[in-house]
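What follows is the residue order along each chain.
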Amino acid sequence: MKLSKLLTATLREAPTDAEVISHKLMLRAGMIRQLASGIYTWLPLGYRVLKKVEGIVREEMNSAGAQEILMPAIQPAELWQESKRWDQYGPELLRINDRHEREFCFGPTHEEVITDLVRREVRSYKQLPIILYQIQTKFRDEIRPRFGVMRAREFLMKDAYSFHLNDESLQETYEQMYKSYTKIFTRLGLEFRAVIADSGNIGGDKSHEFHVLAESGEDQIVFSKNTNYAASLERASVDLGKDEISSLENARGIEVGHIFQLGTKYSSSMKTNCLDKHGKSVNLIMGCYGIGISRIVAAAIEQNHDEKGIIWPTSIAPFQLALIPVNMHKSVRLRDAVISLYNELSVNDIDVLLDDRNERPGVMFSDAELVGIPHRFVFSEKGLDAGEIEYKGRCDKESKNIQIKKATAFIKEKINV
Ligand code: ATP
Ligand code: MG
């Protein structure tokens, strides 16, 4: 991609209403723009990151044997009345009437819709267990939307649901999802912790939250240095006495994933049964597994930034490499060398951003640092004389010279690490 063609504008200053660093940097780097409170447009740079997060989540879900579907965002009230959540959910549920005065809501989550689907489609134990998932826009009319896409009203979630004949099968899938989540957050390059949690609004018996560790996190988590115990503060106050909690270590986290064992909460109220191998009708047992795709983008920035801007983990960087030519507009030779490497890198599937603007080097460097591109090559006349370009990693103190003809192999090795 050539920067002159990218719909983006970096800002020196963040708007004053942005409170946390990720919100400030997402605005300054030109990743998102607010349309209304808690509702955002993703610009090309931000959308590239969102898509990369989505891609990693999708790959791991598929490899865990989950099948991708897409459910409607708009859901009929009848299903929510059946599960009794129409009255329980409160003002976070955005309720809408159609032209016939029929009631609907914009889905904040999809337990009702998926349960309705499964009770219609799954007839036999031979189809079980089954894991279905989607990556889709949710709406929750949060009382205090804030921190940009971290706590938005409209946001992107991966939600998966599993259906089982018995508890052992649910337990097995739950553990498999726990492992998949561990893989996902590891691949995303984030420091995270899984904690036992309260089941909250969704209900059910057992759950774990996955938190990205960051000082600005809204949630407090507690853990023991001596045992494996790690829990959300809400959960710990149920599990432990006051004295026990004040012995425990504290950390702050951003909840990016949540897995639940729902049991028969939805399948009993919504009468979801299937025949077992003896021909007996059994009430299905459910699990559900959410990941906040758009929240992850903000959480990654909360955890990885410095005074210059964002420091993306390579796996989710909008571009892996920036090409910065110094005075390209004055030198045909320089221009040719840059374009030739740009083409070679593109053919080799490297996500490369060429800063082809007629800007001062200082502006180009600080923009690449603000946007958080993990690697950069700088081209200059002097370097070309020696057949060299300058390489610097986003967090390196010093730059180093490398031969242009080895540049593609060099960066491939860096990125694969
Ligand atoms: P929170 O306690 O932060 O409100 P939640 O318990 O309501 O989260 P879930 O219903 O488990 O969240 O939703 C699954 C995931 O969706 C969460 O782990 C979180 O990462 C993400 N998420 C929830 N609410 C929001 C929001 N308002 N904006 C962005 N992401 C969200
Ligand atoms: Mg919530």
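Heads up: the structure comes first, above all this text.
Here we summarise the structure given alongside this text. (Residues numbered from 1 in each chain as written. Chains lettered and ligands numbered in written order. Predicted model: local features only at pLDDT ≥ 70, side-chain atom pairs only at ≥ 80, totals over all residues. Heavy atoms only, no water.)

What follows deals with the overall build of the chain. The helix and strand tally for the chain stands at 14 helices and 23 strands. Reported as C-alpha extents along the three principal axes, the dimensions of the chain are approximately 80 × 55 × 45 Å. Residues counted as buried form 53% of the 417 residues belonging to the chain. Total accessible area computed for the chain in this model is approximately 19800 Å², and 49% of it derives from carbon and sulfur atoms. Once the 56 positive and 59 negative side-chain charges of the chain are each reduced to a mean point, those two points are 4 Å apart. (Helix = DSSP H or I, 4+ residues; strand = E, 2+ residues; numbered from the N terminus. Buried < 20%, exposed > 50% of the residue type's maximum accessible area, 1.4 Å probe, protein only. Areas by Shrake-Rupley, 256 points an atom, 1.4 Å probe, with all protein chains shown as cover. Lys, Arg positive; Asp, Glu negative; His and termini not counted. Charge placed at Lys NZ, Arg CZ, Asp CG, Glu CD.)

Turning to the site of ligand 1, a few remarks are in order. Taken together, 15 residues are adjacent to ligand 1, and Arg140, Glu142, Arg151, Ala152 and Glu255 come closest. Take alanine 152: an N or O atom from its main chain is 2.8 Å from a nitrogen atom of ligand 1. Contact distances for ligand 1 include 3.5 Å between an oxygen atom and a backbone N or O atom of valine 256. Protein chains bury 86% of the 580 Å² of accessible surface belonging to ligand 1 in isolation. (Near = heavy atom within 4 Å. Polar contact = N/O pair within 3.5 Å; in protein donor to acceptor, adjacent residues only side chain to side chain.)

Considering all chains together, one arrives at zero disulfides under this definition. In this structure cysteine 105 is not part of a disulfide, and its nearest cysteine sulfur, from cysteine 288, lies 16 Å away. Classification of cysteine 105 as buried rests on a relative accessible area of 0%. (Disulfide = S-S within 2.5 Å.)

Working definition: an aromatic ring pair is given by the centre-to-centre distance plus the angle between the planes. Under the definition given, this model contains 11 aromatic pairs. On the numbers, 5.3 Å between centres and 55° between planes, the contact of tyrosine 181 with phenylalanine 210 is tilted. Here tyrosine 181 is found in helix α6 (residues 167-187), whereas its partner phenylalanine 210 is found in strand β10 (residues 206-213), with 29 residues between them in sequence. Tyrosine 181 sits in the buried class, given a relative accessible area of 0%. (Phe/Tyr/Trp six-rings, centres within 6.5 Å; stacked < 30°, edge-to-face > 60°.)

Across the sheet, three strands lie side by side as β4-β6-β5; this open sheet has antiparallel pairing. Strand pairing shows two members of the sheet lacking a second neighbour, β4 (74-76) and β5 (94-97), which therefore form its edges. Ignoring which end each strand starts from, the neighbouring axes of this sheet average 35° apart. Relative to strand β6 (residues 103-106), β5 runs antiparallel, the two sharing four bridges. Considered in β6, the bridge of leucine 94 is made with phenylalanine 106. (Pairing = 2+ DSSP bridges. Axes fitted to C-alpha atoms, helices over the stretch in contact; angles between N-to-C directions.)

Of the pairings in the sheet, the one linking strand β11 (residues 219-223) to strand β13 (residues 249-263) comprises five bridges and is antiparallel in character. Following the sheet pairing, phenylalanine 223 is matched in β13 by glutamate 249. In textbook terms, the turn of a hairpin is the stretch between consecutive antiparallel strands, and for β11 and strand β12 (residues 230-232) this stretch comprises six residues.

Helix α14 (residues 407-416) packs onto helix α11 (residues 332-347) with a crossing angle of 45° between their chain directions and a minimal axis gap of 10 Å. With respect to their mutual orientation, α11 and α14 come out oblique. Seen from above, α11 lies across α14 with right-handed handedness. Contact with α11, carried on its side by Leu341, Glu344 and Leu345, involves Ala407, Thr408 and Ile411 of α14 and no other residues of that element. When the residues that make up the contact of α11 with α14 are grouped by side-chain class, the tally is four nonpolar, one polar and one charged. (Parallel < 35°, antiparallel > 145°, perpendicular 65-115°, else oblique. Left-handed = near helix turned anticlockwise from the far one by under 90°. Contact = heavy atoms within 4.5 Å. Nonpolar A, V, L, I, M, F, W, Y, C, P; charged D, E, K, R; others polar.)

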